[in-house]
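# Chains, contacts and geometry: an overview
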Amino acid sequence: MGCFITFEGIEGCGKTTQIRMAGEFLEAKGIPVIVTEEPGGTALGAELRKLLLNRSDFEFCTESELFLFLSDRAQHVKELIMPALSRNMWVLCDRFTDATVAYQCFGRGLDRDVVRGMVDFAAAGLRPRLTFLFDLPVETGLARAMDRGSKTGYASEADRFESEKVEFHRRVREGYLVLAGEEPERFFVIDGRKEIPAVQREVSSRLTKLIDARNDG
Ligand code: TMP
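Residues numbered from 1 in each chain as written. Predicted model: local features only at pLDDT ≥ 70, side-chain atom pairs only at ≥ 80, totals over all residues. Heavy atoms only, no water.

### Quick word on the overall build of the protein
Which entries qualify depends on this criterion: Helix and strand assignments follow DSSP, with helices taken as H or I runs no shorter than four residues and strands as E runs no shorter than two, numbered in order from the N terminus. Here the globule rule reads 2.2 Å times residues to the power 0.38, and the radius of gyration is calculated from C-alpha atoms. Each residue gets one of three labels from its accessible area relative to the maximum for its type: buried under 20%, exposed over 50%, partly exposed in between, using a 1.4 Å probe on protein chains only. It only takes one pair of heavy atoms within 4.5 Å for two residues to be counted as in contact. Using a 1.4 Å probe, the Shrake-Rupley method yields the accessible areas, and only the shown protein chains count as cover for residues.
Scanning the protein for helices and strands turns up eight helices and five strands. Ordered by position in the sequence, the α and β elements of the protein form the string β-α-β-α-α-β-α-α-β-α-α-β-α. Against the 2.2 N^0.38 benchmark of 17 Å for 217 residues, the protein shows a C-alpha radius of gyration of 17 Å, consistent with a compact globule. For the protein, the spread of C-alpha atoms along the three principal axes comes to 50 × 35 × 35 Å. By the burial criterion, 47% of the 217 residues in the protein qualify as buried. If you take every contact in the protein between residues at least 6 apart in sequence, the share linking residues at least 24 apart comes to 81%. Of the roughly 10,700 Å² that the protein leaves accessible, carbon and sulfur atoms contribute 53%.

### Some details on the environment of Ser 163
Following the sequence through the fold, Ser 163 ends up in the loop between α6 (138-152) and α7 (166-182). Spatially, the C-alpha atom of Ser 163 lies 19 Å from that of Glu 38, the residues being 125 residues apart in sequence.

### What about the site of the ligand?
Note the threshold: If a single non-hydrogen atom of a residue is within 4 Å of a molecule or strand, that residue counts as near it. For this analysis, a polar contact is any N or O atom pair within 3.5 Å, provided that within protein one partner can donate a hydrogen and the other can accept it, and provided that sequence-adjacent residues contribute only side-chain to side-chain pairs.
Contacts to the ligand come from 14 residues, most closely from Glu 11, Arg 49, Arg 95, Thr 100 and Gln 104. Within the side chain of Lys 15, a nitrogen or oxygen atom sits 3.3 Å from an oxygen atom of the ligand. Between the ligand and Gln 104 there is a distance of 2.8 Å, counted from a nitrogen atom to a side-chain nitrogen or oxygen. Contact with the protein chains covers 93% of the free accessible surface of the ligand, which is 480 Å². Looking at the shell around the ligand, the elements with two or more residues in it are α2 (43-54), α3 (62-86) and α4 (97-107). Looking at which element gives the most residues to the shell around the ligand, the answer is α4, with four residues.

### Describing helix α5 (residues 112-122)
Rules: The arc in question is the one spanned by the directions pointing from the helix axis to the C-beta atoms.
Three or more residues of α5 are buried, namely Val 115, Val 119 and Ala 122. Taken around the axis of α5, the buried residues stretch over an arc of 60°, which confines them to a single face. For α5, the exposed residues set more than 90 degrees away from the buried face come down to Asp 113 and Phe 121. On its buried face, α5 is in contact with α3 and α4. For α5, the N-terminal capping position is held by Asp 111, with its side-chain oxygen 2.9 Å away from the main-chain nitrogen of Asp 113. Where α5 terminates, the next one or two residues include Ala 124, which has phi positive at roughly 50°.

### A few points about the sheet that holds strand β3 (residues 90-94)
Hydrogen bonding along the main chain pairs the strands of a sheet, whether they run parallel or antiparallel. Using the following cut-off: Think of it this way: DSSP has to see at least two bridges between two strands before they count as a pair. Note on geometry: axes are lines fitted to C-alpha atoms, helical ones only across the stretch in contact, with angles between N-to-C directions running from 0 to 180 degrees.
Reading across from one edge, β2-β3-β1-β4-β5 is the order of the five strands in this open sheet, with parallel pairing throughout. Two strands in the sheet have a free side with no partner beyond their single neighbour: β2 (33-37) and β5 (187-191). Neighbour to neighbour, the strand axes of the sheet diverge by 20° on average, direction disregarded. Pairing geometry for strand β1 (residues 3-9) and strand β4 (residues 130-135), over five bridges, is parallel.

### Some words on the nonpolar core
For clarity, the threshold we go by: Buried Ala, Val, Leu, Ile, Met, Phe, Trp, Tyr and Cys residues that are joined via side-chain atoms within 4.5 Å together make up what is termed a nonpolar core.
Formed by 46 residues in total, the largest nonpolar core has its most connected members in Ile 5, Trp 90 and Phe 132. If we skip the residues at most four places from it in the chain, Trp 90 touches Cys 3, Ile 5, Leu 26, Ile 31, Pro 32, Val 33, Ile 34, Leu 210, Ile 211 and Arg 214. In terms of nonpolar packing, the next biggest core, distinct from the first, is built from 12 residues, Ala 84, Cys 93, Phe 96 and Leu 126 among them.

### Considering the packing of α3 against α4
Short version of the rule: Angles below 35 degrees are treated as roughly parallel, those above 145 as roughly antiparallel, those between 65 and 115 as roughly perpendicular, and all remaining angles as oblique. Gly falls in the polar group here, along with every residue not listed as nonpolar (Ala, Val, Leu, Ile, Met, Phe, Trp, Tyr, Cys, Pro) or charged (Asp, Glu, Lys, Arg).
Packing of α3 against α4 brings their axes to within 11 Å, and their N-to-C directions diverge by 175°. Relative to α4, α3 is oriented roughly antiparallel. Contact residues: Glu 65, Leu 66, Phe 69, Leu 70 and Arg 73 in α3; Thr 97, Thr 100 and Gln 104 in α4. Taken together, the residues of the contact of α3 with α4 break down into three nonpolar, three polar and two charged.

Structure representation (structure tokens):
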């Protein structure tokens, strides 16, 4: 069985840059790896991603938003993640179930006890071996996210989540920290305000420990 690792954090936390570099780091060590994302890791997911992030012409009630994220995840787990893990690959995933709890429960206000079973069902019970949480103040993250939009020329308009109020993002950040506090052995929290190379060193050294632990075990 391979190894499933997730990357989490608020908008502009730097996880997408870090996941790419982590993938290159593992590849250089000869470990077969797939880097993927939610929403959007499958063909169906790519359509759901557009729907969820870029269609401001629709009204989404909170429940239907939840089910679309879960639909993306169920497809992703069955079509891509599980088969890769059973081929002994390492799967690095940009967001997973913690994002649903942080955004839909802490952010939007859905009841965690109600959502828990659905989240596990959609993930077919799959849980990450390790989760990197890149934590930083929401103002810093949102400023970075906006800056990225204007530099790339893509998505220069904020997506449906980026354009939420600062208070929403504060609740999401707080939610992630609560989750990390509940499972300190799974979460590795990194100060996302640091420079990219410094964060990368922390990620690589945690991955090295995991590789060593698996070789010993
Ligand atoms: P990102 O992956 O480019 O950061 O964008 C995904 C957005 O979707 C981000 O704002 C967080 C949000 N999201 C949820 O609200 N719930 C989820 O379960 C997932 C996977 C993402």
